Protein chains: 2
Amino acid sequence: MEHQRSDGNPKTARVPSGAAVMRAEVTTALTRSFFEEWARTGYAGLSLERVARTAGVGKAALYRRWPDKESMASDLLSHVGLTMTDVEQHGSLEADLYAVLVAIRRVLRHPKVRRILTDLHVEIERTPALGTAIRPLQRARRERINGLIDRAIKRRELSPMVDREMAADLIAAPLYWRMAVLGGRCDSAYIERLARITGAALRADTV
Amino acid sequence: MEHQRSDGNPKTARVPSGAAVMRAEVTTALTRSFFEEWARTGYAGLSLERVARTAGVGKAALYRRWPDKESMASDLLSHVGLTMTDVEQHGSLEADLYAVLVAIRRVLRHPKVRRILTDLHVEIERTPALGTAIRPLQRARRERINGLIDRAIKRRELSPMVDREMAADLIAAPLYWRMAVLGGRCDSAYIERLARITGAALRADTV
């Protein structure tokens, strides 16, 4: 999850006909300030007026881009995390697991991202639009993990019967639990050890 | 996590000298209404006035028991989850893991508990008293998992070098992720499979 639009292109925001071209730096400032406020106050307490003020622009500049809080959240979240989709090959199940865990750690290392993610998981039930908005993120993560599993099956490291849902839970959850829920740290030795025992768990999943 | 004080004894609440003995049913009603409001509005939006009104008692009855929201949350949370501490022996690592996972599922099956737990994990950073309040819960879970690991080491199913912190993450997190974060279900076949592959992960942790 990055704090800025991945492309920085103002044209990806809807441009009403006849409106002036929107300046990319205003979009960037609003995006940054939106995520900063979200981390600070939580989604429920997030005020778009304060977002615009913190970004140093008028409310109109914000509303020209997004009509309301839900749209702004949906739009910005759907741009986030797309940089996580590149699936590199590392030659073995453990090496692939290590690479995925390092990528997840990179994301969870930002305190703001941790705040927003945990808050998001609470707000999804109250604001269904947020659930829809994080689907691209979830899909990207799922594809990454599916690629990892496909390669391991081809190498005969995993059974084709491996439960992909459970594998996805098993790969993402312990790191999320340690870093976002417990607020703990994890060094490279932890990640290595976790990659190794997660590999053993997946190998044991044969039925 | 239960919605009622485990003992139902009004004397466990602080009784100011000279005050009338507090009625257990009022404490119970306030406790229930506190957790219901918390699940509904989140901790940040929780109003003690509404808690008292929903419980059908006056504000004074609430403030006689707890001076403020933090104290009420700390006190009630510290009474919760104590029923999870019984550590039964089931004869094998997988059977013990199955039992622990079933106990965690029992807790996470309540939508209200899921809401409160995910909300709690967000609020802990804003309200340090809540972090202190959930320590008994965390300690109870940790003891349960330590007992399970000790028994498995005695049976030579696990290495004495097993990383207990990582084991605790690995046992609690995937189920929490599936049920509380993704809002998914898990049947007994899922729990059985998860117990088996978690067992394989822990056996592989030998360094």
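Read on for an overview of the structure.

Cut-offs used in this document
- Residues numbered from 1 in each chain as written.
- Chains lettered and ligands numbered in written order.
- Predicted model: local features only at pLDDT ≥ 70, side-chain atom pairs only at ≥ 80, totals over all residues.
- Heavy atoms only, no water.
- Helix = DSSP H or I, 4+ residues; strand = E, 2+ residues; numbered from the N terminus.
- Polar contact = N/O pair within 3.5 Å; in protein donor to acceptor, adjacent residues only side chain to side chain.
- Contact = heavy atoms within 4.5 Å.
- Core = buried A, V, L, I, M, F, W, Y, C linked by side-chain atoms within 4.5 Å.
- Buried < 20%, exposed > 50% of the residue type's maximum accessible area, 1.4 Å probe, protein only.
- Salt bridge = Lys/Arg side-chain N within 4 Å of Asp/Glu carboxyl O.
- Buried area = accessible area lost by both parts, 1.4 Å probe.
- Nonpolar A, V, L, I, M, F, W, Y, C, P; charged D, E, K, R; others polar.
- Least-squares fit on C-alpha atoms with pLDDT ≥ 70 in both.
- Expected span 1.5 Å × (residues − 1).
- Bend = angle between axes of the 7 residues up to and from the residue.
- Phe/Tyr/Trp six-rings, centres within 6.5 Å; stacked < 30°, edge-to-face > 60°.
- Lys NZ or Arg CZ within 6 Å of the ring centre and 35° of its normal.
- Axes fitted to C-alpha atoms, helices over the stretch in contact; angles between N-to-C directions.
- Parallel < 35°, antiparallel > 145°, perpendicular 65-115°, else oblique.
- Left-handed = near helix turned anticlockwise from the far one by under 90°.

1. Let's talk about the side chain of Asp163 of chain A
Step number 1: Position of Asp163 of chain A among the secondary structure elements: in the loop between helix 8 (135–154) and helix 9 (164–181).
Step number 2: At a separation of 3.1 Å, a polar atom in the side chain of Asp163 of chain A contacts the main-chain amide nitrogen of Glu165 of chain A.
Step number 3: A polar contact of 3.1 Å, which involves the side chain of Asp163 of chain A, links it to the backbone nitrogen of Met166 of chain A.
Step number 4: Those residues in contact with Asp163 of chain A, other than ones at most four positions away along the chain, are Asp205 of chain A together with Arg193 of chain B.

2. Section: the nonpolar core
Step number 1: Core analysis: the biggest nonpolar cluster contains 127 residues, and Phe34 and Trp38 of chain A together with Phe34 and Trp38 of chain B have the highest contact counts within it.
Step number 2: Those residues in contact with Phe34 of chain B that sit more than four places away from it in its chain are Leu46, Leu48, Val51, Lys69, Met72, Ala73 and Leu76 of chain B.

3. Considering the pattern of salt bridges
Step number 1: Within the structure shown, the criterion is met by 28 salt bridges over all chains.
Step number 2: For Asp169 of chain B, the salt bridge goes to Arg178 of chain A, with nearest N and O atoms at 2.5 Å. In this pair, Asp169 of chain B sits in helix 9 (residues 164–181) while Arg178 of chain A sits in helix 9, so the two residues belong to two different chains.
Step number 3: Residue Asp96 of chain B pairs with Arg155 of chain B through a salt bridge whose shortest N-O separation is 3.5 Å. Of this pair, Asp96 of chain B sits in helix 5 (residues 93–108) while Arg155 of chain B sits in the loop between helix 8 (135–154) and helix 9; the two residues are 59 residues apart in sequence, bridging distant segments of the chain.
Step number 4: Owing to a relative accessible area of 2%, Asp96 of chain B belongs among the buried residues under this scheme.
Step number 5: Salt bridges here are not isolated pairs; linked through shared partners, they connect Asp96, Arg151, Arg155 and Glu157 of chain A.

4. As for the interface of chain B and chain A
Step number 1: Counting residues at the interface gives 39 residues for chain B and 39 residues for chain A.
Step number 2: Counting the surface chain B buries against chain A, the share from its top three residues, Met166, Trp177 and Arg193 of chain B, is 19%.
Step number 3: The salt bridge partner of Glu165 of chain A is Arg178 of chain B, with a shortest N-O separation of 3.4 Å.
Step number 4: Linking chain B to chain A there are twelve residue pairs in polar contact (both at pLDDT 80 or more).
Step number 5: Among the secondary structure elements, those contributing two or more residues to the side of chain B that touches chain A are helix 1 (24–41), helix 6 (111–126), helix 8, helix 9 and helix 10 (188–203) of chain B.
Step number 6: Counted by class, the side of chain B that touches chain A contains 21 nonpolar, five polar and 13 charged residues.

5. Looking at the relation of the copies chain B and chain A
Step number 1: The transformation that overlays chain B on chain A combines an axial shift of 0.0 Å with a rotation of 180°, and the residual RMSD is 0.0 Å. The relationship between the two copies is best expressed as a two-fold rotation axis. Identified as the residue of chain B closest to the rotation axis by C-alpha distance is Ala201 of chain B, at 2.3 Å.

6. Looking at helix 9 of chain B
Residues and elements named next belong to chain B.
Step number 1: Its 18 residues place the ends of helix 9 24 Å apart at the C-alpha level, agreeing with the 26 Å of an ideal helix rising 1.5 Å per residue.
Step number 2: If you look at helix 9, its biggest bend is around 30°, right at Ala173, and the proline Pro174 turns up within four residues after that.
Step number 3: Burial of helix 9 is extensive: 16 of the 18 residues sit out of reach of the surface.
Step number 4: Two or three places before Glu165, at the start of helix 9, stands the capping residue Asp163, its side-chain oxygen 3.0 Å from that residue's backbone nitrogen.
Step number 5: Gly183 sits one or two residues past helix 9 and shows a positive phi near 65°.

7. Description of the packing of aromatic side chains
Working definition: an aromatic ring pair is given by the centre-to-centre distance plus the angle between the planes.
Residue and element names in this part refer to chain A.
Step number 1: Taken as a whole and judged by the stated rule, the model has ten aromatic pairs over all chains.
Step number 2: Each ring, one from Trp38 and one from Tyr43, has its centre 5.2 Å from the other, and the planes form 55°; the classification is tilted. Each member of the pair Trp38 and Tyr43 is classed as buried.
Step number 3: A cation sits over an aromatic face here: Lys69 above Tyr43, 4.6 Å from the ring centre.

8. Concerning unusual backbone geometry
Step number 1: Located in the positive-phi region is Arg156 of chain A, a residue other than glycine, with phi close to 60°.
Step number 2: One can find Arg156 of chain A in the loop between helix 8 and helix 9.

9. Quick notes on the packing of helix 8 of chain B against helix 9 of chain B
All names here are of chain B.
Step number 1: Remark: helix 8 packs on helix 9, axes separated minimally by 10 Å, with the N-to-C direction vectors making an angle of 110°. When the interaxial angle is binned, helix 8 and helix 9 end up roughly perpendicular. Taken as a pair, helix 8 and helix 9 cross one another with a handedness that is right-handed. Contacts between helix 8 and helix 9 involve Arg141, Arg142, Ile145, Asn146, Ile149, Asp150 and Ile153 from the former and Arg164, Glu165, Ala167, Ala168, Ile171 and Ala172 from the latter.
Step number 2: Across the contact of helix 8 with helix 9, the residue classes break down as seven nonpolar, one polar and five charged.

10. Quick word on the packing of helix 5 of chain B against helix 9 of chain B
Any two packed helices are characterised by the angle at which their axes cross and by the distance between the axes.
Residues and elements named next belong to chain B.
Step number 1: Packing of helix 5 against helix 9 brings their axes to within 10 Å, and their N-to-C directions diverge by 35°. Considering only the axes of helix 5 and helix 9, their crossing is right-handed. Across the interface between the two elements, Leu97, Val100, Leu101, Ile104, Arg105 and Leu108 from helix 5 touch Ile171, Ala172, Leu175, Tyr176 and Met179 from helix 9.
Step number 2: Its residues assigned to classes, the contact of helix 5 with helix 9 shows ten nonpolar, no polar and one charged.

11. Notes on the environment of Thr132 of chain A
Step number 1: Inspection of the secondary structure puts Thr132 of chain A in helix 7 (residues 128–133).
Step number 2: When the C-alpha positions of Thr132 of chain A and Ser74 of chain A are compared, they lie 7.4 Å apart, and in sequence the two are 58 residues distant.

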